[in-house]
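Tertiary structure, described
So you can see what is in the structure, the chains are spelled out below.
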Amino acid sequence: MSSKKQSTSMVLMNYTRDPDFQDVDGVGSGTSPPLPEEKQQDSSSVKLDPAVEEYTQLKPYAGMPKEVLLLYSSQARYRVPREVLFWLIVACTLTLVALTITVIALSPRCLSWWQVSPVYQVYPRSFRDSDGDGVGDLKGIQEQLDHFEFLNIKSVWISPFYRSPMKDFGYDVEDFRAVDPLFGTMQDFEELLAEMHNKGLKLIMDFIPNHTSDKHHWFNLSRTRDPHYEDYYVWTDCNETSPRPNNWVSVFGNSSWTYDEVRGQCYLHQFLKEQPDLNFRNTDVRQEIVDIIHFWLGKGVDGFRMDAVKHILEATHLRDEPQVDPEKAPEAVTSEWDLYHDYTTSQVGLHDLLRDWRAEMDLYSREPGRYRFMVTESYDYHEVDKTMMYYGTSQVKESDFPFNFYLLDLPQNTSGLWVQQLVQLWMTNMPTGRWANWVVGNHDKPRIATSAGQTYIRVINMLLLTLPGTPTTYYGEEIGMENINVTDSEIQDPAGKYNTSASRDPQRSPMQWTGHMNAGFNNITNATWLPVHPDFTSVNVEVQKKDGRSVLSQYRFLNALRQSELPLHRGWFCFIHADANVFSYLRELDGLHRAFLMVLNFGKESAVTELSSIVELPDQLTVLMSTSGVSDGKVLQKSRILTEAGEGLVIQFSAPTRFNPDHPKQCYVSEKACYLGAMDILYKC
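About the cut-offs
Residues numbered from 1 in each chain as written. Predicted model: local features only at pLDDT ≥ 70, side-chain atom pairs only at ≥ 80, totals over all residues. Heavy atoms only, no water. Helix = DSSP H or I, 4+ residues; strand = E, 2+ residues; numbered from the N terminus. Rg over C-alpha atoms; globule rule 2.2 N^0.38 Å. Buried < 20%, exposed > 50% of the residue type's maximum accessible area, 1.4 Å probe, protein only. Contact = heavy atoms within 4.5 Å. Areas by Shrake-Rupley, 256 points an atom, 1.4 Å probe, with all protein chains shown as cover. Lys, Arg positive; Asp, Glu negative; His and termini not counted. Charge placed at Lys NZ, Arg CZ, Asp CG, Glu CD. Expected span 1.5 Å × (residues − 1). Polar contact = N/O pair within 3.5 Å; in protein donor to acceptor, adjacent residues only side chain to side chain. Pairing = 2+ DSSP bridges. Right-handed = clockwise from strand over helix to strand, strands pointing away. UniProt positions renumbered as here; feature names shortened; annotations may be inferred. Disulfide = S-S within 2.5 Å. 1 Å grid on protein atoms, 1.4 Å probe; cavity = no way out; pocket = protein on both sides within 12 Å on 5 of 7 lines; lining within 4 Å. Points joined across faces, edges and corners; volume = space filled by probe spheres on them. Nonpolar A, V, L, I, M, F, W, Y, C, P; charged D, E, K, R; others polar.

1. Things to note about the overall build of the protein
For the protein, the helix and strand inventory stands at 20 helices and 24 strands. On C-alpha atoms alone, the protein measures out to a radius of gyration of 38 Å, which is more than a quarter above the 26 Å that the 2.2 N^0.38 rule sets for 685 residues. Its C-alpha atoms give the protein principal-axis dimensions of roughly 140 × 75 × 55 Å. Expressed as a percentage of its 685 residues, the buried residues of the protein come to 52%. For the protein, contacts bridging at least 24 residues in sequence account for 68% of all contacts bridging at least 6. Per element, the accessible surface of the protein, about 31200 Å² overall, is 53% carbon and sulfur. Placing the 63 positive and 90 negative side-chain charges of the protein at their respective mean positions leaves the two points 6 Å apart.

2. What to know about helix H11 (residues 283-299)
For H11, built from 17 residues, the straight-helix expectation of 24 Å at 1.5 Å per residue is met to within 8% by its first-to-last C-alpha distance of 25 Å. All of the buried residues in H11 are Val-285, Glu-288, Ile-289, Val-290, Ile-292, Ile-293, Trp-296 and Leu-297. Capping the start of H11, Asn-282 holds a side-chain oxygen 2.8 Å from the backbone nitrogen of Asp-284, two or three residues further along. Note on H11: the residue one or two positions beyond its end, Gly-300, has a positive phi of about 110°.

3. Observations regarding the side chain of Asn-404
Summarising the element assignment, Asn-404 is placed in the loop between strand E11 (401-402) and helix H14 (416-429). A polar contact of 3.1 Å, which involves the side chain of Asn-404, links it to the backbone nitrogen of Tyr-406. Excluding anything up to four places from it in sequence, Asn-404 contacts Trp-426, Asn-437, Trp-438 and Val-439.

4. So, the side chain of Thr-212
Checked against the element boundaries, Thr-212 lands in the loop between strand E5 (202-207) and helix H10 (217-223). There is a polar contact of 2.8 Å between the side chain of Thr-212 and the side chain of Tyr-233. Excluding its chain neighbours within four sequence positions, the residues that come into contact with Thr-212 are Val-173, Phe-176, Trp-218, Tyr-233, Glu-274, Gln-275, Pro-276 and Leu-278.

5. Things to note about the pairing of strand E10 (residues 373-376)
Side chains Phe-373 and Val-375 project from E10 onto one buried face, and the interleaved Met-374 and Thr-376 project onto a second face that is buried too. Summarising the sheet, strand E9 (residues 303-306) and E10 pair through 4 bridges and their orientation is parallel. Paired with Gly-303 across the strands is Phe-373, a residue of E10. Each parallel crossover has a hand, and for E9 linked through helix H12 (residues 350-362) to E10 it is right-handed.

6. Notes on the UniProt feature "transmembrane region" (unreviewed entry) in the protein
The positions UniProt marks with the feature "transmembrane region" (unreviewed entry) are residues 84-106. In the segment residues 84-106, helix accounts for 100% and strand for 0%; the C-alpha atoms at its two ends are 32 Å apart.

7. Section: the state of the cysteines
All chains considered together, the criterion is met by 3 disulfides. A disulfide bridge connects Cys-674 with Cys-685, and the sulfur atoms are separated by 1.8 Å. Taking the torsion about the sulfur-sulfur bond, which here is approximately 85°, the covalent link between Cys-674 and Cys-685 counts as right-handed. Of the two residues, Cys-674 is situated in strand E23 (residues 674-676) and Cys-685 in the segment after strand E24 (681-683); the sequence distance between them amounts to 11 residues. Disulfide connectivity for the protein, with bonded cysteines indexed by sequence position, reads 1-2, 3-4, 5-6. Left without a disulfide partner, Cys-110 is nearest to the cysteine sulfur of Cys-685, which lies 16 Å away.

8. Describing empty space enclosed by the protein
The gaps of empty space that remain are located by a probe, the size of a water molecule, rolled over the atoms. Using the criterion set out here, one finds 4 cavities of 30 Å³ or more in the structure. When its volume is computed, the largest cavity comes out at roughly 140 Å³. Forming the walls of the largest cavity are 18 residues, and the residues nearest its centre are Trp-435, Gly-571, Val-669, Ser-670 and Glu-671. Its residues assigned to classes, the lining of the largest cavity comprises 9 nonpolar, 4 polar and 5 charged. In this structure, the second largest cavity encloses a volume near 40 Å³. Broken down by class, the residue content of the lining of the second largest cavity amounts to 6 nonpolar, 1 polar and no charged.

9. Structural notes on the environment of Gly-264
Along the chain, the position of Gly-264 falls in the loop between strand E7 (257-260) and strand E8 (265-268). For the pair formed by Gly-264 and Ser-613, sequence separation is 349 residues and the distance between their alpha carbons is 72 Å.

In structure tokens:
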């Protein structure tokens, strides 16, 4: 017992008085009268006998010694709150960690730059001429970068500007590591790329792996049988007087084989005879292409459009391909449409090559925000399953998407049912979870404003910018440019010189910037490599910027809407109606009451669309935008939605019920996400 008391008591030992100490009264110890001996004794040795009395201090005080602190810290009223605070902090930390992990696990993947913005194709010869020689160039593109910012476009694909003899306007490459002087210098390219990156723009280059120019040093060394380059191209024995080892036909017509007098053999060319095909069964050729990919990625290029990929490999046996018409005389087979291309396209091993290139590009995609994009070009027509293979598999990635050319067939039948069929063709065949894309024009096909008609250019742009996926816009489509008329003497296109009806010059005329000389394409001289369209005084960027209802202004508005509204850039896409005139669909997002209804009239007459059967739609609908401008802001009844021929409506509405849960066969989404309004976030659902 005595021991216990001793452990809980305290003894104050002797201390030495500081002679300079002052009491609170201000009286110094040095002036104090000497204490009596008895009092000095008491003041210098105060002792608490543990056997007699315990320390009775009522509460802690400032400056207490360690022994006092330890005495009180063990008491329940101090210990318990301390422990509660400790475990509360631990619990809060664990909760925050768990919440962070949950948010990361449930958050859908952020969209990449190539998904957020349309891809804008620049044909450099025709975009802007900076030096007055009549041909567009890289400095000209740099001068017009503000145009992309105005349209809120972030992704720019530039057609070939490699050193080239220009037999196919850059698609016959003489040097993959050089810029053709016609377009500028490598320094011009580097300055363009740097300025684009400064403005937040991405540059996609055209890459031509299938063939080179016959002026390329690889071909010159191969035709002389240099030991290293001998098999860089596809050579075979043939007869000089009749150089047709088999019946294979070039894309541009006539035999795919040309006899070379230097080597004494025939070489394969699936395009022009000046474009010999590389032999990708040669590992050295494969490595050369990989090295070129590294060269441009090392300079900072953001992606590649892989040209004519289905032609990269050919069957080694070189057998004749089956004729479409078996009764046709073999000597009359001169067009690519005369044969089934079983041995010259989409051969085994093709996708292995593309996956290898994708893997090389991924090496440069590790830096945040610097993902390297890859798109493939392959016209597979009715064989859509072949096109879908370019997406890769669930285990191995290939291209981010293959170009979707099916909307190029829109002019064949201007009706809502036809448009729905073309859209559905892609959406139903696209692998689950992949990203769609849409193309309505390029440098090889007639301009959509010409082939479909000016009446439909606005509604086509509305379709392009409200469908799910990435739209691609060919330069000039944003202002409704049309084909030009080119006389026989004005033809520049090699394909047109072979067959005037196949000329691609009409869709490649100079960009129409202003209503001044040469449409602002060339402000220095009166030279243009192709004629400017005569309507340039009214159809140009400068004029349409000032008109809030112009094709350009509507394109800009729709692109801004697409990028700002979650249902439009990552929500569900649902077919709800199609007839001889109208194609209509919904864009919605689970958890978000706001949704969009598109009613597009592709027919030849006005039409009334009746959507009373769509119970998820409110009875009254407000038009957000009309391509004609007449219906802007109008309140329509869903039982009677009137549209004129070529008119499109964007209708915004709010409803608590979504369409997609009860109609799964009519709806598609790339990556499902839901909106949580309470926290204003997206989550996987």
